[in-house]
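Chain residues, written in single-letter form:
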Amino acid sequence: MQLFIDSANISEIKEVSNLGLIKGVTTNPTLISKTNSSIDETIRNISSIVDGPISIEVTKDTYNEMLEQALNFYKINPRNIVIKVPMTYDGLKLCRELSNQGIKTNITLCFSVSQALLAMESKATYVSLFIGRLLDDNQDAFEILNNIVKIKHIYNFQTEIISASIRNVKQVEKCAQYASDIVTIPYQVLKDMITNSLTDKGIIKFKEDALKIVK
Ligand code: G3P
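Anyway, here's the lowdown on the structure attached to this text. (Residues numbered from 1 in each chain as written. Predicted model: local features only at pLDDT ≥ 70, side-chain atom pairs only at ≥ 80, totals over all residues. Heavy atoms only, no water.)

Notes on a nonpolar patch on the surface
Selection rule: Like charges are joined within 9 Å and nonpolar side chains (Val, Leu, Ile, Met, Phe, Trp, Tyr) within 5 Å, but only among residues with over 30% relative accessible area and no salt bridge; these make up the patches. For every accessible area listed, the method is Shrake-Rupley and the probe measures 1.4 Å; residues are considered covered only by the protein chains on display. By definition here, a salt bridge exists when the distance from a side-chain nitrogen of Lys or Arg to a carboxyl oxygen of Asp or Glu is within 4 Å. In this description a helix means any DSSP run of H or I spanning at least four residues, a strand means any run of E spanning at least two, and both kinds are numbered starting from the N terminus.
Taken together, Leu19, Leu21 and Ile194 make up a surface patch of nonpolar side chains, about 320 Å² in accessible area. Along the chain, Leu21 turns up in the loop between α1 (10–17) and β2 (22–26).

Rendered as structure tokens:
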């Protein structure tokens, strides 16, 4: 399973990419709105740090508008840009067109097995299942993830499953257990994955005992 960071914050991305654990970045309009940058600037900034897939979401509604916007994003960094496309009728049409042009896509706002199936049939490079929002809605997010993973393997779809909308460490662990291809993780959750109170206690004890070692 690969780890991506779900952030548009340049200092967060820089910090975690130094660990070498992060293989890609996902953003959305909400995350970009929290920065002082335009979408184009965000693409340029992230591209200067990460040499991996960078998902950027189109914000227009119609097929033609989304296609124009997608091609403009793509031109900024053809090597790494992944066009994030909403799970709509026009979005699926756009996904197929971009895939045919060799441009990577990420179908986002996916909440069901049926939607994931359509994304996979539309040759999406990635499909993003929103785990946290499903759980907020009292749906069995992990059962849905499990079924999508099964279907992918039964029919040999090439689309990679991204578990998104992650709220805590336990959810990351569950996504790994259910064989999600990728989990995209907010900065704070990534930091929380590093720490454990028993590790902290252990460090204190070892430090105390290190002082007792004969010189
Ligand atoms: O990037 C998509 C997804 O991760 C959004 O998460 O927390 O807004 O549900 P959230």
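On we go.
Side note on unusual backbone geometry
Rule in force here: Each residue is placed in one exposure class: buried if its accessible area under a 1.4 Å probe, protein chains only, is under 20% of its type's maximum, exposed if it is over 50%, and partly exposed if it falls in between.
For Asn156, which is not a glycine, the phi torsion comes out positive at approximately 60°. Summarising the element assignment, Asn156 is placed in the loop between α8 (141–155) and β7 (160–164). By relative accessible area, which is 58% here, Asn156 ends up exposed. The backbone of Ser165 shows a phi angle near 60°, a positive value even though the residue is not glycine.

So, the sheet that holds strand β1 (residues 2–6)
Basically, it comes down to this: Pairing between two strands is assigned when DSSP locates at least 2 bridges connecting them. Only the stretch in contact is used when a helix axis is fitted, and all axes are lines through C-alpha atoms; the angle between N-to-C directions ranges over 0 to 180 degrees. We call two residues in contact whenever any of their non-hydrogen atoms come within 4.5 Å of each other.
Spatial ordering of the closed barrel is given by β1-β2-β3-β4-β5-β6-β7-β8, a layout of 8 strands whose pairing is parallel. Mean inter-strand twist for the sheet, computed between neighbouring axes without regard to direction, equals 25°. Where β7 lies against strand β8 (residues 182–185), 2 bridges are found, and the strand directions are parallel. Bridging from a neighbouring strand, Ser163 pairs with Val183 of β8. Here helix α4 (residues 63–76) sits on the sheet and contacts β3 (54–57) and β4 (81–86); the angle it forms with β4, its principal contact strand, is near 160°.

Remarks on the site of the ligand
Threshold: Proximity is defined per residue: any heavy atom of the residue falling within 4 Å of a molecule or strand makes that residue near it. Any N or O atom pair separated by 3.5 Å or less is treated as a polar contact, with the protein-specific requirement of one donor-capable and one acceptor-capable atom, and with residues adjacent in sequence counted only for side-chain atom pairs. Under the scheme applied, nonpolar residues are Ala, Val, Leu, Ile, Met, Phe, Trp, Tyr, Cys and Pro; charged residues are Asp, Glu, Lys and Arg; polar residues are all the others, including Gly.
Close to the ligand lie Asp6, Asn28, Lys84, Phe130, Arg133, Ala164, Ser165 and Arg167, which account for all nearby residues. Within the side chain of Asp6, a nitrogen or oxygen atom sits 2.5 Å from an oxygen atom of the ligand. Taken by itself the ligand offers 310 Å² of open surface, and the protein chains cover 82% of this. For the shell around the ligand, a count of residues per class yields 2 nonpolar, 2 polar and 4 charged.

Quick look at the environment of Val127
Tracing the backbone shows Val127 in strand β6 (residues 126–130). Sequence-wise, Val127 and Thr105 are 22 residues apart; in three dimensions their C-alpha atoms are separated by 8.3 Å. Each residue touching Val127, except ones within four places of it in the same chain, is listed here: Asn106, Ile107, Cys110, Ala116, Ala119, Thr159, Glu160, Ile161 and Ile162.

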